[in-house]
Amino acid sequence: DVKVTQSSRYLVKRTGEKVFLECVQDMDHENMFWYRQDPGLGLRLIYFSYDVKMKEKGDIPEGYSVSREKKERFSLILESASTNQTSMYLCASSSIGTGNYGYTFGSGTRLTVV
Amino acid sequence: DAKTTQPPSMDCAEGRAANLPCNHSTISGNEYVYWYRQIHSQGPQYIIHGLKNNETNEMASLIITEDRKSSTLILPHATLRDTAVYYCISVTGTASKLTFGTGTRLQVTL
């Protein structure tokens, strides 16, 4: 069964810590995405990547960075975690080929910054 | 990408068809309509997508009006496990970047 795997389901970090959220997909997809989801605000795009070593800012990139050194792995980095980054983080991947642009999402990482 | 409008919530009795509407009146000719759903505490799940023609798969049917200004997702025999938030999204196929709205919260009841 093809999947997108996020390294942690729940995470608690302290303010000011550097936080790494890892995402791995096994579908050979070109595109990978990081969203955060907050009550009443829906899913908001943080960063995305169309290829290895490429990255594009989404709608809310401030306070975040990303890394894509390998096609299957896309990491979200919180340089200095703050309490307003407490959220559900969702990783997704998609393929640009064959006319099917459906996303496959991971199960999410619920991050709490204290 | 065109903005989509969905009702915030709907109820459906188990075993009945659930018809979820979506308005995308500003959709352009090369934009697809995608449907996803999100069950509580899980990542969104792809359901179906279409451009002009009606589509059907093992999960649902998608009916797109001839002028493409609206569409309806049909779950033919809703079950309690279909209780979720359903998102309708329009996107240019080559862009591949999805913008989620707030969706429709479908509650299936006994």
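Everything that follows concerns the structure shown earlier in this document.
Predicted, not measured: the structure shown is a model, and the values here were computed from it. (Residues numbered from 1 in each chain as written. Chains lettered and ligands numbered in written order. Predicted model: local features only at pLDDT ≥ 70, side-chain atom pairs only at ≥ 80, totals over all residues. Heavy atoms only, no water.)

The next subject is the nonpolar core. Trp34, Ile46, Leu76 and Tyr89 of chain A are the most contacted members of the largest nonpolar core, which has 21 residues in total. Dropping the residues within four chain positions of it, Ile46 of chain A is found in contact with Trp34, Tyr35, Arg36, Lys57, Gly58, Asp59, Ile60, Pro61, Tyr64, Leu76 and Tyr89 of chain A. By size, the runner-up hydrophobic cluster in this structure holds 20 residues, among which are Cys12, Leu20, Cys22 and Leu62 of chain B. (Core = buried A, V, L, I, M, F, W, Y, C linked by side-chain atoms within 4.5 Å. Buried < 20%, exposed > 50% of the residue type's maximum accessible area, 1.4 Å probe, protein only. Contact = heavy atoms within 4.5 Å.)

We now examine the state of the cysteines. All names here are of chain B. Per the stated rule, a full pass over the model turns up two disulfides over all chains. What pairs with Cys22 in a disulfide is Cys88, and their sulfur atoms sit 2.1 Å apart. When the S-S torsion is -80 degrees, as for the bridge of Cys22 with Cys88, the disulfide is left-handed. Here Cys88 lies in strand E8 (residues 84-92) and Cys22 lies in strand E2 (residues 18-23), a separation of 66 residues in the sequence. Classification of Cys22 by relative accessible area gives buried; the value is 2%. (Disulfide = S-S within 2.5 Å. Helix = DSSP H or I, 4+ residues; strand = E, 2+ residues; numbered from the N terminus.)

It is worth spelling out the interface of chain A and chain B at this point. Reports of interface size often rely on the accessible area that becomes lost once the parts have come together. Contacts between the two partners involve 19 residues from chain A, matched on the other side by 17 residues from chain B. Summed over both sides, the interface of chain A with chain B buries roughly 1,600 Å², with 52% coming from carbon and sulfur. Viewed at the interface, chain B and chain A are joined by four residue pairs in polar contact (both at pLDDT 80 or more). Mapped by element, the contributors of at least two residues to the side of chain A that touches chain B are strand E4 (31-38), strand E5 (42-49) and strand E9 (87-94) of chain A. Here the side of chain A that touches chain B is built from residues that sort into ten nonpolar, eight polar and one charged. (Buried area = accessible area lost by both parts, 1.4 Å probe. Polar contact = N/O pair within 3.5 Å; in protein donor to acceptor, adjacent residues only side chain to side chain. Nonpolar A, V, L, I, M, F, W, Y, C, P; charged D, E, K, R; others polar.)

Let's shift gears to the pattern of salt bridges. All names here are of chain A. The tally for this structure, following the rule as stated, stands at seven salt bridges over all chains. Its salt-bridge partner being Lys71, residue Asp28 comes within 3.1 Å of it at the nearest N-O pair. Of this pair, Asp28 sits in the loop between strand E3 (19-25) and E4 while Lys71 sits in the loop between strand E7 (64-70) and strand E8 (73-78), and the two are 43 residues apart along the sequence. For Asp28, a relative accessible area of 52% corresponds to the exposed category. Residue Lys71 is classed as partly exposed on the basis of its relative accessible area of 26%. Among the ionic pairs, Asp38 bridges to Arg36, the shortest N-O distance being 2.9 Å. Like Asp38, the residue Arg36 is buried in the burial classification. Taken together, the salt bridges that share partners define one network made up of Arg36, Asp38 and Arg44. (Salt bridge = Lys/Arg side-chain N within 4 Å of Asp/Glu carboxyl O.)

Any functional reading would require information that these geometric values do not contain.
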